[in-house]
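Structural description and commentary
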Amino acid sequence: QVQLVESGGGLVQAGGSLRLSCVASGRTFSSYHMGWFRQAPGKEREFVAAISLSGGRTAYADSVKGRFTISRDNAKNTVYLQMNSLKPEDTAVYYCAADFRPWGPTTVPTGALQYDYWGQGTQVTVSS
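Below you will find a few notes about this structure. (Residues numbered from 1 in each chain as written. Predicted model: local features only at pLDDT ≥ 70, side-chain atom pairs only at ≥ 80, totals over all residues. Heavy atoms only, no water.)

**Comments concerning the overall build of the chain**
Along its length, the chain carries 0 helices and 11 strands. Reading the chain from its N end, one meets helices and strands in the order β-β-β-β-β-β-β-β-β-β-β. Within the chain, the fraction of its 128 residues that count as buried is 43%. Across the chain, contacts joining residues at least 24 apart in sequence account for 59% of those joining residues at least 6 apart. (Helix = DSSP H or I, 4+ residues; strand = E, 2+ residues; numbered from the N terminus. Buried < 20%, exposed > 50% of the residue type's maximum accessible area, 1.4 Å probe, protein only. Contact = heavy atoms within 4.5 Å.)

**Description of the nonpolar core**
Residues Met34, Trp36, Leu81, Met83 and Tyr94 are the most contacted members of the largest nonpolar core, which totals 37 residues. Apart from residues lying up to four places away in sequence, Tyr94 is in contact with Glu6, Leu20, Trp36, Phe37, Arg38, Val48, Phe68, Leu81, Met83, Gly121, Thr122 and Val124. (Core = buried A, V, L, I, M, F, W, Y, C linked by side-chain atoms within 4.5 Å.)

**Remarks on the sheet that holds strand E8 (residues 78–83)**
The antiparallel open sheet is built from 4 strands, whose spatial order is E1-E3-E8-E7. Every other strand in the sheet has two partners, leaving strand E1 (3–7) and strand E7 (68–73) as the edge strands with one partner each. Strand-to-strand twist across the sheet, computed as the mean angle between neighbouring axes with direction ignored, equals 15°. Here E7 pairs with E8 via 6 bridges, running antiparallel. Pairing of Thr69 across the sheet is with Gln82, part of E8. (Pairing = 2+ DSSP bridges. Axes fitted to C-alpha atoms, helices over the stretch in contact; angles between N-to-C directions.)

**What about the side chain of Asp99?**
Of note, Asp99 is situated in strand E9 (residues 92–99). Buried within the structure, Asp99 lacks any salt-bridge partner; Arg101 is the closest side chain of opposite charge, at an N-O distance of 4.6 Å. Engagement of the side chain of Asp99 in a polar contact is seen with the backbone nitrogen of Arg101, the distance being 2.9 Å. Polar contacts involving the side chain of Asp99 include one to the side chain of Trp103, which spans 2.8 Å. Other than its neighbours up to four places away in sequence, Asp99 contacts Tyr32, His33, Pro109, Gln114, Tyr115 and Asp116. (Lys, Arg positive; Asp, Glu negative; His and termini not counted. Salt bridge = Lys/Arg side-chain N within 4 Å of Asp/Glu carboxyl O. Polar contact = N/O pair within 3.5 Å; in protein donor to acceptor, adjacent residues only side chain to side chain.)

**Considerations on the state of the cysteines**
Applying the stated criterion across every chain yields a total of 1 disulfide. A disulfide bridge connects Cys22 with Cys96, and the sulfur atoms are separated by 2.0 Å. Classification of the bridge connecting Cys22 and Cys96 rests on its S-S torsion, roughly 55°, and on that basis the disulfide is right-handed. Placement of Cys22 in strand E3 (residues 18–25) and of Cys96 in strand E9 is noted, with a sequence separation of 74 residues between them. On the basis of relative accessible area, Cys22 is assigned to the buried category, the value being 0%. Residue classification places Cys96 among the buried positions, given a relative accessible area of 0%. (Disulfide = S-S within 2.5 Å.)

**Things to note about the environment of Gly121**
Positionally, Gly121 belongs in the loop between strand E10 (117–118) and strand E11 (122–127). Residue class for Gly121 comes out buried when judged on its relative accessible area of 15%. The spatial distance from the C-alpha of Gly121 to the C-alpha of Ala92 is 9.5 Å, given a sequence separation of 29 residues. Those residues in contact with Gly121, other than ones at most four positions away along the chain, are Glu6, Val93, Tyr94 and Tyr95.

Interpretation in functional terms is not warranted from these geometric data alone.
Dropping the structure here:
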């Protein structure tokens, strides 16, 4: 069992920045990959970014590439999402998720069904 708790959301103007954090507990943090997803009202949950268990491999949705950075600190059981140059269309509830399945040598799972545990979410609102 893994518990995930997100924090760092809030209200920010377009062009601003936020850093989300997700603290994990329950199992050895360095034994699983991590991802960030988001869900806007009336829309499906979508992939934002993911990072391998060692931190050596990352992947991003095209919509956030170059603006968002995912990282992890295994000593602190924490994964981060640094969000810069925020846009109103980034407004959503952001969720972190844990993936215990092995990744292929070059692929990064982007489907929500791949992930086994989820946090409760943190709201990010970007005003224009």
